[in-house]
Amino acid sequence: MGLSAAFFDLDKTVIAKSSALAFGRPFYRDGLISRRDMVKSAYAQLMFRLGGGSDEQAMARTRDYLAALCKGWRVEQVQQIVAETLDELINPYVYAEAATLIAEHQAAGRDVVLVSASGDEMVRPIGALLGITDIIATRMGIVDGRYSGEVEFYAAGPSKVVGVRELALERGYDLTDCYAYSDSSSDLPLLEAVGHPTVVNPDRTLRRAAIEHEWPVLEFRHPIPLGQRLRDRPAVPVAAAALGVGVGAAIGLAIYARHRRAKTLSRTG
């Protein structure tokens, strides 16, 4: 157990896709969802992201739709589908930059926690793929081995912070010493809850907030399978200029660098 923690959102922060939608095709293939369900799920996910996902009614609708969709599914079947397709559907889409950053936090003695609105049965195996055992994810009610249609905990928006605070209390973390990473404005409460927030591939609303708060901004662009990362070390480095540097400071560095280049060119010319 570390003295502090780094909390990572999953979709578009650690992996370059939606973890829930990634398993849509095998769920359809195994008869859990219809083609219409696939289209509706993709549309709901798109609307959630375009809207910033921060509207409470939108989150409630998504939660209720998820509960109704999964009702009656056998938990064991879902776990089996995820295990069988994880290497094909998720492994190639893990950002090398995220994997490097996770390893850096672990090397520094911090616990790394995945925090995702996707279901625990999906998020936990993805965490294991990355060497992460601490998970805060959506938990569905289960009765006799099947999903009951109830959501016990929906890990989205402000609810993520509830899960984070509970874990911090249990582990003794001081959240002012903790880190958080996300791409979505729906995770503003999570980012504001820690002392070291960083935005990754931010949506427009989150980018504005990062500028206002002078939070670091990282751009992850290199999804690489785990095996290739191990063969081709060192992995793609995290954008070093952005780590630990506020947005305002990073802009200042860029302006200064341009000024120096212009000055050098005028001297040589």
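Residues numbered from 1 in each chain as written. Predicted model: local features only at pLDDT ≥ 70, side-chain atom pairs only at ≥ 80, totals over all residues. Heavy atoms only, no water.

Under an unreviewed UniProt entry, the name given to the protein chain is HAD-IB family hydrolase, and the organism recorded is Paractinoplanes lichenicola. As stated in UniProt under Sequence similarities (unreviewed entry), the record for the protein chain gives "Belongs to the HAD-like hydrolase superfamily. SerB family." (UniProt positions renumbered as here; feature names shortened; annotations may be inferred.)

(A) A look at the overall build of the protein chain. Along the protein chain, the regular secondary structure elements total twelve helices and seven strands. Burial analysis of the protein chain (269 residues in total) assigns 47% to the buried set. Summarising the internal contacts of the protein chain: among those between residues at least 6 apart in sequence, 64% fall at separations of at least 24. On the protein chain, roughly 13900 Å² of surface is accessible, and the fraction owed to carbon and sulfur atoms is 54%. (Helix = DSSP H or I, 4+ residues; strand = E, 2+ residues; numbered from the N terminus. Buried < 20%, exposed > 50% of the residue type's maximum accessible area, 1.4 Å probe, protein only. Contact = heavy atoms within 4.5 Å. Areas by Shrake-Rupley, 256 points an atom, 1.4 Å probe, with all protein chains shown as cover.)

(B) Geometry of the environment of A98. Turning to its location among the elements, A98 is positioned in helix α6 (residues 96-107). Distance in space between the C-alpha atoms of A98 and Y181 is 9.7 Å, their sequence separation being 83 residues. Here A98 is in contact with T13, V14 and F220, once residues within four sequence places are set aside.

(C) Representation of α6. For α6, spanning twelve residues, the distance from its first C-alpha to its last is 16 Å, which sits close to the expected 16 Å at 1.5 Å a residue. All of the buried residues in α6 are A96, E97, A98, A99, T100, L101, I102 and H105. Backbone geometry just downstream of α6 places G109 in the positive-phi region, at approximately 90 degrees. (Expected span 1.5 Å × (residues − 1).)

(D) Structural context of the nonpolar core. Membership of the largest hydrophobic core comes to 43 residues, with the highest contact counts inside it found for F8, V14, F27 and W73. Going through the elements one at a time, β1 (5-9), α4 (56-70), α5 (75-89), α6, β2 (111-119), α7 (120-129), β3 (134-143) and β5 (179-182) are the ones with two or more residues in this core. Here this core takes six residues from α5, the largest share from any one element. Setting aside chain neighbours within four positions, we find V14 in contact with F8, D9, Y93, V94, Y95, A98, I102, L114 and L130. (Core = buried A, V, L, I, M, F, W, Y, C linked by side-chain atoms within 4.5 Å.)

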